[in-house]
Amino acid sequence: MPAVPDFSAPTHARFRNKLGEIVALAKAGDIKGLKAMEINPVSTSPKAMARFRDLCIIALNARKAGRAKARSTQ
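Since the model is a prediction, treat every value here as computed from it, not as a measurement.

A. Looking closely at the overall build of the chain. Helix and strand content of the chain: three helices and zero strands. N-terminal to C-terminal, the α/β element order of the chain is α-α-α. Taking the principal axes of its C-alpha atoms as reference, the chain extends roughly 50 × 20 × 15 Å. When contacts within the chain are restricted to residue pairs at least 6 apart in sequence, long-range pairs at least 24 apart make up 54% of them. Surface accessibility of the chain: about 5100 Å² in total, with carbon and sulfur atoms responsible for 54%. Counting 14 positive and 5 negative side-chain charges, the chain places the centres of these two groups 7 Å from one another.

B. Quick peek at the environment of D6. The topology assignment puts D6 in the segment before α1 (16–28). When its relative accessible area of 58% is taken as the criterion, D6 is described as exposed. Looking at D6, its side chain comes within polar contact range of the side chain of S8, at 2.7 Å.

C. How the structure looks around the nonpolar core. If you look at the biggest cluster of nonpolar residues, it comprises 18 residues, and the most contacted ones within it are F7, L19, I22, L34, I39, M49 and F52. Of all elements in the fold, only α1, α2 (31–36) and α3 (44–72) reach the threshold of two or more residues within this core. With seven residues, the top contributor of residues to this core is α3. If we skip the residues at most four places from it in the chain, M49 touches F7, F15, K18, L19, I22 and I39.

D. Representation of the side chain of S45. Mapped onto the fold, S45 is located in helix α3. One polar contact links S45 to H12, side chain to side chain, over a distance of 2.5 Å. In this view, S45 contacts F7, T11, H12 and F15; residues no more than four positions away in its chain are not counted.

E. Quick peek at the pattern of salt bridges. Throughout the structure, instances matching the rule amount to one salt bridge. Residue D54 pairs with R53 through a salt bridge whose shortest N-O separation is 3.1 Å.

F. Local environment of α1. For α1, spanning 13 residues, the distance from its first C-alpha to its last is 18 Å, which sits close to the expected 18 Å at 1.5 Å a residue. Where α1 is buried, its residues touch α2 and α3. Looking one or two residues beyond α1, the residue adopting positive phi is G29, at roughly 75°.

The rules behind the values
- Residues numbered from 1 in each chain as written.
- Predicted model: local features only at pLDDT ≥ 70, side-chain atom pairs only at ≥ 80, totals over all residues.
- Heavy atoms only, no water.
- Helix = DSSP H or I, 4+ residues; strand = E, 2+ residues; numbered from the N terminus.
- Contact = heavy atoms within 4.5 Å.
- Areas by Shrake-Rupley, 256 points an atom, 1.4 Å probe, with all protein chains shown as cover.
- Lys, Arg positive; Asp, Glu negative; His and termini not counted.
- Charge placed at Lys NZ, Arg CZ, Asp CG, Glu CD.
- Buried < 20%, exposed > 50% of the residue type's maximum accessible area, 1.4 Å probe, protein only.
- Polar contact = N/O pair within 3.5 Å; in protein donor to acceptor, adjacent residues only side chain to side chain.
- Core = buried A, V, L, I, M, F, W, Y, C linked by side-chain atoms within 4.5 Å.
- Salt bridge = Lys/Arg side-chain N within 4 Å of Asp/Glu carboxyl O.
- Expected span 1.5 Å × (residues − 1).

Here it is as structure tokens:
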């Protein structure tokens, strides 16, 4: 899984809750939930959240494919 963006700076304060939601969905492996999460990438914080969400989706899909491949070779 990708590293969570550092939103500790005051400029990111209003986006921390949404980032927390993305982190929770990623930890739960909820690809559909991540895809449904709407992010309007108009500034630095939302762009970082969108990039993180997209990387989580890629990582979860790769993990899912790896597990399916492992099962098929057994």
